[in-house]
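# Inside the fold
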Amino acid sequence: MWNNSTKPDEDIETIIRDYGDMLFRICFLLLGNTYDTEDVIQDTMIKYISKAPNFQSKEYQKAWLIKVATNQCKDILRYRTNHQMVNLDDIQEITSNSEQYEIMECLMNIPEKFRIILILHYIEGYSTKEISKMIGKTDSCVKMRLSKGRKLLKDVYQKEVD
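What counts as what
Residues numbered from 1 in each chain as written. Predicted model: local features only at pLDDT ≥ 70, side-chain atom pairs only at ≥ 80, totals over all residues. Heavy atoms only, no water. Helix = DSSP H or I, 4+ residues; strand = E, 2+ residues; numbered from the N terminus. Buried < 20%, exposed > 50% of the residue type's maximum accessible area, 1.4 Å probe, protein only. Contact = heavy atoms within 4.5 Å. Core = buried A, V, L, I, M, F, W, Y, C linked by side-chain atoms within 4.5 Å. Axes fitted to C-alpha atoms, helices over the stretch in contact; angles between N-to-C directions. Parallel < 35°, antiparallel > 145°, perpendicular 65-115°, else oblique. Left-handed = near helix turned anticlockwise from the far one by under 90°. Nonpolar A, V, L, I, M, F, W, Y, C, P; charged D, E, K, R; others polar. Phe/Tyr/Trp six-rings, centres within 6.5 Å; stacked < 30°, edge-to-face > 60°. Salt bridge = Lys/Arg side-chain N within 4 Å of Asp/Glu carboxyl O. pLDDT = per-residue confidence, 0-100. 1 Å grid on protein atoms, 1.4 Å probe; cavity = no way out; pocket = protein on both sides within 12 Å on 5 of 7 lines; lining within 4 Å. Points joined across faces, edges and corners; volume = space filled by probe spheres on them.

### Thoughts on the overall build of the protein
Regarding its fold elements, the protein presents eight helices and zero strands. Counted from the first residue to the last, the protein has its helices and strands arranged as α-α-α-α-α-α-α-α. When burial is assessed residue by residue, the protein has 40% of its 162 residues classed as buried. Taking all contacts inside the protein whose residues are at least 6 apart in sequence as the whole, residues at least 24 apart take part in 67%.

This is the structure in structure tokens:
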């Protein structure tokens with residue numbers, strides 16, 4: 001059984017090094033700005049320190065971090081009253097070429113419940129079964145959202161290209 005019995009500050013450094021970029025990408029794509037994203041990552045680390053959970057493996061740890069971070073993102077999205085404002089300079093910072101930038105921009109324009117599924121499946125490489133466990137939905141629901149999300153992304157991308 002794997003557990004995190006190292007000193008908390010060393011453990012946090014390892015977690016940030018191992019999962020920081022992944023968590024940042026996921027949260028940024030959900031929230032659309034670096035300020036909220038950084039807040040969520042910080043709050044996720046604080047929860048990790050305060051809960052001090054023991055995990056069976058690094059995969060459980062990774063799934064826990066993703067779940068906590070995405071739940072915090074959902075909380076922020078739930079309380080926003082205006083339409084999402086995305087700083088396009090921020091998107092350019094995390095993309096390496098213009099095609100990626102266009103896809104990221106399109107991804108920001110589809111509903112969050114489809115966006116998170118697309119991010120976890122295509123960017124982070126999770127299977128539909130793994131995603132269903134993370135978000136608490138059935139495998140068939142995840143597959144349906146994945147299919148509908150692809151269609152929505154394609155439609156938004158086509159509008160951008162035309």
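Next, the rest of the story.
### Focus on the nonpolar core
One finds L23, I26, I66 and L120 to be the most contacted residues of the largest nonpolar core, which totals 38 residues. Those elements that place two or more of their residues in this core are α1 (8-31), α2 (34-51), α3 (58-79), α5 (98-107), α6 (112-123), α7 (128-135) and α8 (139-161). At ten residues, α1 tops the list of elements feeding residues into this core.

### Quick look at the packing of α6 against α7
Contact geometry for α6 and α7: axes closest at 10 Å, N-to-C directions at 135 degrees. In terms of orientation, α6 lies oblique with respect to α7. Read as a crossing pair, α6 and α7 show a hand that is right-handed. Where α6 abuts α7, its residues I117, L120 and H121 lie against T128, I131, M134 and I135. In terms of residue class, the contact of α6 with α7 is made up of five nonpolar, two polar and no charged.

### Let's talk about the packing of aromatic side chains
Using the criterion set out here, one finds two aromatic pairs in the structure. Between F24 and F28, the aromatic rings sit 6.1 Å apart at their centres with planes inclined by 10 degrees, giving stacked as the arrangement. Of this pair, F24 and F28 both sit in helix α1, four residues apart, roughly one helical turn. The class of F28 is buried, set by a relative accessible area of 0%.

### Examining the pattern of salt bridges
Applying the stated rule across the entire model yields six salt bridges. Here D139 and K143 are joined by a salt bridge, their closest N and O atoms 3.3 Å apart. Placement of both D139 and K143 in helix α8 is noted, with a separation of four residues, approximately one turn of the helix. Of the residues examined, K143 reaches a relative accessible area of 46% and is grouped as partly exposed. Here the salt bridges do not stand alone but share partners, grouping R17, D18 and K58 into one network.

### As for the confidence of the model for the protein
For any part of a model where pLDDT is low, the fine detail of the predicted coordinates should not be relied upon. Of the residues in the protein, 79% reach a pLDDT of 70 or more, and the chain-wide mean stands at 81. Mean pLDDT across the elements of the protein bottoms out in helix α4 (residues 88-94) (57) and peaks in α2 (91). For the stretch residues 1-7, pLDDT sits under 50, and the model shows 14 contacts to residues farther than four places along the chain or on other chains.

### Notes on the layout of surface pockets
Its volume calculated, the largest pocket comes out at about 280 Å³. Around the largest pocket sit E59, Y60, K62, A63, W64, K67, Y126, E130, K133 and M134, which together line it. Within the residue set of the lining of the largest pocket, elements represented by two or more residues are α3 and α7. The greatest single-element share of the lining of the largest pocket, amounting to six residues, is contributed by α3. Among the residues forming the lining of the largest pocket, the class breakdown is five nonpolar, no polar and five charged.

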